[in-house]
Amino acid sequence: MAIAAGVCVANIYYNQPILKDIASSFGVSEGEAGSISVLSQVGYGFGLFFLIPLGDKINKKKLIFCLLTCLFCLLIVMTFSQNIVEVWILSAAIGIATVSAQVILPLAASIDRVTTGKTVGNIFTGILIGILGARVFSGYIAESILFG
């Protein structure tokens, strides 16, 4: 679950080290490309506000599966984006679907009542590694592809 949470949340951070490359790829200014990160975070905020409370009303496993399926489909569609507007829209949608990591956390805590603190710590560690690792990973990939 920690790996799943980390991989999910990483999706809103992959773009940050490569915004300059995205700008040149789409022929837009760096400011316009910077909106990608903003929209990803805004989408994440909307997902936290509107989708996370659903975890109290519906089955968490079904919600996680639905969000992960949406995230997978959105990431596939993102690979075929032809212009910056599509990237902006998909970035916001990916941010919304990325909140599955925040549904995994309470689900994991409710599974094992004896070691809840350890379980939550492990999931949260996965989330933080996903956040930090995404920036390193995408920067490395961009560096090796563009300059390697």
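In short, a report on the structure. (Residues numbered from 1 in each chain as written. Predicted model: local features only at pLDDT ≥ 70, side-chain atom pairs only at ≥ 80, totals over all residues. Heavy atoms only, no water.)

### Considerations on the environment of Leu75
Positionally, Leu75 belongs in helix 5 (residues 60-78). Remark: the alpha-carbon pair of Leu75 and Ala33, spanning 42 residues in sequence, is separated by 18 Å. Residues in contact with Leu75, not counting those within four places in the same chain, are Asn11 and Ile94. (Helix = DSSP H or I, 4+ residues; strand = E, 2+ residues; numbered from the N terminus. Contact = heavy atoms within 4.5 Å.)

### Some remarks on the layout of surface pockets
Here the largest pocket defines a volume of roughly 660 Å³. As for the largest pocket, its lining consists of 23 residues, and the residues nearest its centre are Tyr14, Asn15, Ile18, Ile22 and Met78. The set of elements that each furnish at least two residues to the lining of the largest pocket consists of helix 2 (19-26), helix 3 (30-50), helix 5, helix 6 (84-97) and helix 8 (116-147). Here the lining of the largest pocket takes 6 residues from helix 8, the largest share from any one element. Each residue belonging to the lining of the largest pocket can be placed in one class, and the counts come to 14 nonpolar, 8 polar and 1 charged. (1 Å grid on protein atoms, 1.4 Å probe; cavity = no way out; pocket = protein on both sides within 12 Å on 5 of 7 lines; lining within 4 Å. Points joined across faces, edges and corners; volume = space filled by probe spheres on them. Nonpolar A, V, L, I, M, F, W, Y, C, P; charged D, E, K, R; others polar.)

### As for the nonpolar core
Core analysis: the biggest nonpolar cluster contains 26 residues, and Ala5, Val9, Tyr13, Ala101, Ile123 and Ile127 have the highest contact counts within it. Secondary structure elements with two or more residues in this core: helix 1 (2-10), helix 5, helix 6, helix 7 (100-111) and helix 8. Among the elements that make up this core, the one with the highest residue count is helix 7 (6 residues). Not counting the four nearest positions on each side in its chain, Ile127 is found in contact with Ala5, Gly6, Val9, Ala101 and Gln102. Residues Ile22, Val28, Ile36 and Val87 belong to the second largest nonpolar core, which totals 8 residues. (Core = buried A, V, L, I, M, F, W, Y, C linked by side-chain atoms within 4.5 Å. Buried < 20%, exposed > 50% of the residue type's maximum accessible area, 1.4 Å probe, protein only.)

### A look at the packing of aromatic side chains
All told, the structure shown has 3 aromatic pairs when counted by the stated rule. Taking 6.0 Å as the distance between ring centres and 10° as the angle between the ring planes, the aromatic pair formed by Phe46 and Phe50 counts as stacked. Taken as a pair, Phe46 and Phe50 lie in helix 3 at a separation of 4 residues, close to a single helical turn. Between Phe49 and Phe50 the ring centres are 4.9 Å apart and the planes differ by 90°, which places this aromatic pair in the edge-to-face class. By way of ring pairs, the aromatic residues Phe46, Phe49 and Phe50 are connected into one cluster. (Phe/Tyr/Trp six-rings, centres within 6.5 Å; stacked < 30°, edge-to-face > 60°.)

### Re the packing of helix 5 against helix 7
Their axes nearest at 9 Å, the elements helix 5 and helix 7 cross at an angle of 155°. The orientation of helix 5 with respect to helix 7, classified from their angle, is roughly antiparallel. For the pair helix 5 and helix 7, the crossing hand works out as left-handed. The residues of helix 7 that touch helix 5, namely those facing Lys60, Lys61, Leu63, Ile64, Leu67 and Leu68, are Ser100, Val103, Ile104, Pro106 and Leu107. Partitioning the contact of helix 5 with helix 7 into residue classes produces 8 nonpolar, 1 polar and 2 charged. (Axes fitted to C-alpha atoms, helices over the stretch in contact; angles between N-to-C directions. Parallel < 35°, antiparallel > 145°, perpendicular 65-115°, else oblique. Left-handed = near helix turned anticlockwise from the far one by under 90°.)

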